[in-house]
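If you want the building blocks of each chain, they are given just below.
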Amino acid sequence: MHSASFVVAAFAAAVYASPMGPPSGSGNYNGSAPGGGQGYPSSTASYTTGLLGNPTAAPNPVPTSGVIAELLTADNTVVRFMDIQKEIAAGDISLKFDFNPAANPAITAKAGEGGQVDLASRANFPILTGQGISAAGIFFEPCGLNTPHVHPRAAEFLTVATDSNIFTGFVLENGLTSEFNTTLTQFQGTVFPQGSIHFQQNLDCYPAVAIAGLNSEDPGASSVAQNFILSVDEGIVDATLGFPKQIDGSNFAQFKKNILPPLAKGVEECLIRCHIPY
């Protein structure tokens, strides 16, 4: 079996304006995109790395231990917001969530080489408690791939914020396993049904940002490749893959080391086109 890179992450809102600004002339592209999309960018220039956003953004406040449980068990909405008001006054909760990567150091520390996803859920933005929504900013490096994943408790609506080309796709479920895909440019959006396997890839040689909304305050995310290959019993994985000769006890450990965390660096075609080492 050919070792491939996969990844996960949840999505929901982010900021387009940044001190770096959008790349100029980034919307021009032609050719054929994977899966019949609108096309690859025509540029073959060297890549420009670095996530968009304010690099000096202050970290979002960290809610005090137990506050979410208190909000969930409040007698009514008014009481809940009185508790939120107290937390705001104490500086433990803010009315503003900052999606800038620098404002989410805990996520940055676990991000892959292809970028990061900053999710605002009730866990880190308690004012969402009881609202049934969440949001995420997806910050892509050049060619960055948000590898196939599912949100078990939410559908997602994703919109491209920067002047970029983002290839997306999803597979619904057993019974309809053909891939739905499209390529989005600035201010265009698409939906990923709840529970569907889906992905997003930056086709450009410069950073990009997308924003997403999810209809759950606790949407969850499960990376398909990472959780299957890295977490499921090796014998079960081997049987599921049809006992491939290319993967056996002698090389399975090495194969698992090649599975990257979210976001992955990108597909080979883009890495070659953008002169990105891999």
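It should be emphasised that the depicted structure is a prediction, and the values quoted were computed from it without experimental measurement.

Visitor: Looking at this structure, I do not really get the sheet that holds strand E9 (residues 189–192). What am I missing?
Guide: The strands that make up a sheet are held in pairs by hydrogen bonds between backbone atoms, and each pair lies either parallel or antiparallel. If you trace the 5 strands from one edge of the open sheet to the other, you get E3-E4-E11-E6-E9, paired in antiparallel fashion. With one partner strand each, in any of the chains shown, strand E3 (115–120) and E9 form the two edges of the open sheet. Each strand of the sheet is rotated relative to its neighbour by a mean of 20°, with strand direction disregarded. Sheet analysis places strand E4 (residues 134–140) next to strand E11 (residues 208–214), joined by 7 bridges and oriented antiparallel.

Visitor: Looking at this structure, how should I read the pattern of salt bridges?
Guide: If the charged atoms of two oppositely charged side chains come close together, the side chains can form a pair. According to the stated counting rule, one finds 4 salt bridges in the structure shown. A salt bridge links Arg122 to Glu217; the shortest N-O distance between them is 3.1 Å. Here the residue Arg122 occupies a position in the loop between E3 and E4, and Glu217 occupies one in the loop between E11 and strand E12 (222–223), the gap between them amounting to 95 residues. Put simply, Asp218 and Arg153 hold a salt bridge, and the shortest N to O gap is 3.6 Å. A residue pair is termed long-range when its members are at least 10 positions apart, and Asp218 in the loop between E11 and E12 and Arg153 in the loop between strand E5 (145–150) and strand E6 (156–160) qualify at 65 residues.

Visitor: So what exactly am I meant to see when it comes to the state of the cysteines here?
Guide: Formally, a disulfide is one covalent bond, and it connects the sulfur atom of one cysteine to the sulfur atom of another. Under the counting rule described, the total for this entry stands at 2 disulfides. The disulfide partner of Cys143 is Cys270, and the S-S distance across this bridge is 2.0 Å. Looking along the S-S bond of the Cys143-Cys270 disulfide, the torsion reads about -80°, which is the left-handed sense. Here Cys270 lies in helix H7 (residues 268–273) and Cys143 lies in the loop between E4 and E5, a separation of 127 residues in the sequence. Covalently, Cys205 is tied to Cys274 through a disulfide, its sulfur atoms 2.0 Å apart.

How each quantity is defined
- Residues numbered from 1 in each chain as written.
- Predicted model: local features only at pLDDT ≥ 70, side-chain atom pairs only at ≥ 80, totals over all residues.
- Heavy atoms only, no water.
- Pairing = 2+ DSSP bridges.
- Helix = DSSP H or I, 4+ residues; strand = E, 2+ residues; numbered from the N terminus.
- Axes fitted to C-alpha atoms, helices over the stretch in contact; angles between N-to-C directions.
- Salt bridge = Lys/Arg side-chain N within 4 Å of Asp/Glu carboxyl O.
- Disulfide = S-S within 2.5 Å.

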